[in-house]
Amino acid sequence: MSVVLLPAVGEEIGTGHLQRCVTLARALHESGHSPVVVVNLPGGDFSGAVRAIVPHYIRVARTIDEALEGFPDRPRVKWAVVDDYAANAISDRALRRVAERVLVLDDHASRVRDADLLLSHALTRATTDYAGRVPSNCTILAGPHYALIRPEFGSQVRSEAPGLPNSTIRQVFVAMGGTDAASTLLQVLAVLAHFAPEKRPVVHVMISTLSRVADRLGALLDRLPYECVVHRDLLNP
């Protein structure tokens, strides 16, 4: 089955959309399908780092037309997958010239979409949030149990979240996206310092070299009153 994945990506947007699409592309590839990720970026360090996120066995194209060149079932693929906050029903419909079906990856339930399948893994999302926003025959997968998580992380997810009080929390994992355009990571780490000393967890931080706070993290680590383990550039295998 041929699938074209269209994530939004950029220095301001970050790499979260790309990571979700790559996770799906990996699963498709392992199931014997043919995914292509469409990413059109200029050269430079950012583009190189973005390309490194995509496993070598996943084909990357700069445009949809370039993606189609590798498929025997041109001019249409089976699915187009859209993960882009700027997309809407008009752009979804335009994709039907190259795809039989459209899958939308969404978070906000704030726009009308022309999708055959819509996936939203937001924590409190429900199918009713999309009433009147998608066609009546659209299948909606809503809620965190549909989250697109890389296998190496998904295998660590517990069936039940740890309970309260927070004395039961021994480890905290913090990831603020590929670029962290708002420098949120430093704020989160500062807030975690307010745990009572006897209740402080071990904090694991995932950060990319693309992050805007990467060069400032070292100085902060020296001042934190808790153990903080930094994991840099955890790329797809």
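The preceding data block contains the structure.
Residues numbered from 1 in each chain as written. Predicted model: local features only at pLDDT ≥ 70, side-chain atom pairs only at ≥ 80, totals over all residues. Heavy atoms only, no water.

(A) Focus on the packing of helix α6 (residues 184–192) against helix α7 (residues 214–221). Put simply, α6 and α7 touch, their axes get as near as 10 Å, and they point 15° apart. Put simply, α6 runs roughly parallel to α7. In this structure, the crossing between α6 and α7 has a hand that is right-handed. Counted together, Leu 185, Leu 186 and Leu 189 of α6 and Arg 216, Leu 217 and Leu 220 of α7 form the full contact between these two elements. Residue composition of the contact of α6 with α7, by class: 5 nonpolar, no polar and 1 charged. (Axes fitted to C-alpha atoms, helices over the stretch in contact; angles between N-to-C directions. Helix = DSSP H or I, 4+ residues; strand = E, 2+ residues; numbered from the N terminus. Parallel < 35°, antiparallel > 145°, perpendicular 65-115°, else oblique. Left-handed = near helix turned anticlockwise from the far one by under 90°. Contact = heavy atoms within 4.5 Å. Nonpolar A, V, L, I, M, F, W, Y, C, P; charged D, E, K, R; others polar.)

(B) Quick peek at the nonpolar core. Ranked by size, the top nonpolar core spans 26 residues in total, and within it Val 4, Leu 6, Leu 95, Leu 118 and Ile 140 carry the most contacts. The contacts of Leu 118, once residues within four sequence positions are left out, are Leu 103, Val 104, Asp 106, Arg 113, Tyr 130, Val 134, Cys 138, Thr 139, Ile 140 and Leu 141. Counting residues in each nonpolar core, the second largest holds 22 residues, with Val 22, Leu 24, Val 50 and Leu 105 among its members. (Core = buried A, V, L, I, M, F, W, Y, C linked by side-chain atoms within 4.5 Å. Buried < 20%, exposed > 50% of the residue type's maximum accessible area, 1.4 Å probe, protein only.)

(C) Just the pattern of salt bridges, in detail. The full count for this structure, using the stated rule, is 10 salt bridges. The partner of Glu 100 in a salt bridge is Arg 101, and the shortest N-O contact between them spans 3.8 Å. Judged by its relative accessible area of 38%, Arg 101 falls in the partly exposed class. Taking the shortest distance from any N to any O, the salt bridge between Arg 125 and Asp 129 comes out at 3.1 Å. You can call Asp 129 partly exposed: its relative accessible area is 27%. (Salt bridge = Lys/Arg side-chain N within 4 Å of Asp/Glu carboxyl O.)

(D) Up close: the environment of Leu 217. Mapping Leu 217 onto the fold places it in helix α7. Given the relative accessible area of 0%, Leu 217 is considered buried. Placed 31 residues apart in sequence, Leu 217 and Leu 186 show a C-alpha to C-alpha distance of 7.4 Å. If sequence neighbours within four positions are ignored, Leu 217 has contacts with Leu 185, Leu 186, Leu 189, Ile 207, Val 230 and Arg 232.

(E) Summary view of the sheet that holds strand β10 (residues 228–232). Strand order in the open sheet formed by 3 strands is β8-β9-β10, with parallel pairing between adjacent strands. Edge positions in the open sheet fall to β8 (171–175) and β10, since each of these has one partner strand only. Each strand axis lies, on average, 20° off the axis of its neighbour in the sheet, ignoring direction. The sheet contact formed by β8 and strand β9 (residues 202–207) spans 5 bridges and is parallel. In the strand pairing of β9, Val 174 is matched with Val 205. On the sheet, α6 packs against β8 and β9 and is oriented at approximately 180° with respect to β9. In the packing of α7 onto the sheet, contacts are made with β9 and β10, and the angle to β10 comes to roughly 160°. (Pairing = 2+ DSSP bridges.)

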